[in-house]
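Below, each chain spelled out in residue letters.
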Amino acid sequence: MDTAAIYPGSFDPVTNGHLDIIRRSREVFPRLIVAVLCNSRKKAMFSVAARAAILERLLADDDHIEVISFDGLLVKVAQEREASVVIRGLRAATDFEYEFQMAMMNRHLADQIKTMFMVPHEDYTYLSSSLIKEIYELGGTVTGMVPVEVEEQLREHFTGQKE
Ligand code: ADP
């Protein structure tokens, strides 16, 4: 099977939960596109360029992963890149309704593109990018929940200091 998959998300910032989904996806698909969404409606903490750069650095050892940024319709990007599977992560039942709606809409828009859901390791099921930002801002530790590169990025964002 030489099917390529695309894993879209905000990755604002990338967490170990996202990386777990990426790793699992690569065990199934020979080529994976990690697509960082520039969503003008959702205010991001980090720029698309910064989010993509950190993903690129973290995934640099795998030649079969490509990091891109995109705007607009996901199914269009998937078609352009010849990816026929969209990967999304499911942490809990609360994710389901939104993800189901998106999957149905994407199928309506492009019937040949399939959505596949991956479940992360249980250690990451409670992790979300927004919770990470909130915990960090309140002075809590996020070690073990995000890669060290992201911890540095958060420190820089909140204090303007590089270590
Ligand atoms: P979006 O704004 O598209 O939801 P996110 O970066 O928040 O972007 O999430 C991208 C995808 O990764 C979504 O399918 C989300 O459910 C999934 N995801 C987010 N955090 C985790 C996690 N800790 N474990 C597994 N999947 C996750």
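Notes on the structure in this doc start here. As the structure is a prediction and not an experimental result, all values here were calculated from the model. (Residues numbered from 1 in each chain as written. Predicted model: local features only at pLDDT ≥ 70, side-chain atom pairs only at ≥ 80, totals over all residues. Heavy atoms only, no water.)

Attention shifts here to the sheet that holds strand β1 (residues 4-9). Strand order in the open sheet formed by five strands is β3-β2-β1-β4-β5, and the pairing between neighbours is parallel. Each edge of the open sheet carries a strand with a single partner, namely β3 (65-70) and β5 (114-118). Ignoring which end each strand starts from, the neighbouring axes of this sheet average 30 degrees apart. Pairing geometry for β1 and strand β4 (residues 85-89), over two bridges, is parallel. Note on β4: the bridge partner recorded for alanine 5 is valine 85. Against the sheet, helix α2 (residues 48-58) touches β2 (31-37) and β3, its axis set at about 155 degrees to β2. Here helix α4 (residues 93-109) sits on the sheet and contacts β4 and β5; the angle it forms with β4, its principal contact strand, is near 170 degrees. (Pairing = 2+ DSSP bridges. Helix = DSSP H or I, 4+ residues; strand = E, 2+ residues; numbered from the N terminus. Axes fitted to C-alpha atoms, helices over the stretch in contact; angles between N-to-C directions. Contact = heavy atoms within 4.5 Å.)

Attention shifts here to unusual backbone geometry. Omega for the bond connecting aspartate 12 with proline 13 falls within 30 degrees of zero, at 0 degrees, which places this linkage in the cis form. The residue proline 13 is located in the loop between β1 and α1 (16-28) in this model. A positive phi is found at phenylalanine 11, a non-glycine position, where the angle reads about 50 degrees. For phenylalanine 11, a relative accessible area of 2% translates into the label buried. Backbone geometry places glutamate 82, a non-glycine residue, at a positive phi of 60 degrees. Since its relative accessible area comes to 64%, glutamate 82 is described here as exposed. (Buried < 20%, exposed > 50% of the residue type's maximum accessible area, 1.4 Å probe, protein only.)

Turning to a nonpolar patch on the surface, a few remarks are in order. Together, Leu73, Met105 and Leu109 make up a nonpolar patch on the protein surface, roughly 270 Å² of accessible area in all. Its location among the elements puts methionine 105 in helix α4. (Patch = residues over 30% accessible without salt bridge, like charges linked within 9 Å, V, L, I, M, F, W, Y side chains within 5 Å. Areas by Shrake-Rupley, 256 points an atom, 1.4 Å probe, with all protein chains shown as cover. Salt bridge = Lys/Arg side-chain N within 4 Å of Asp/Glu carboxyl O.)

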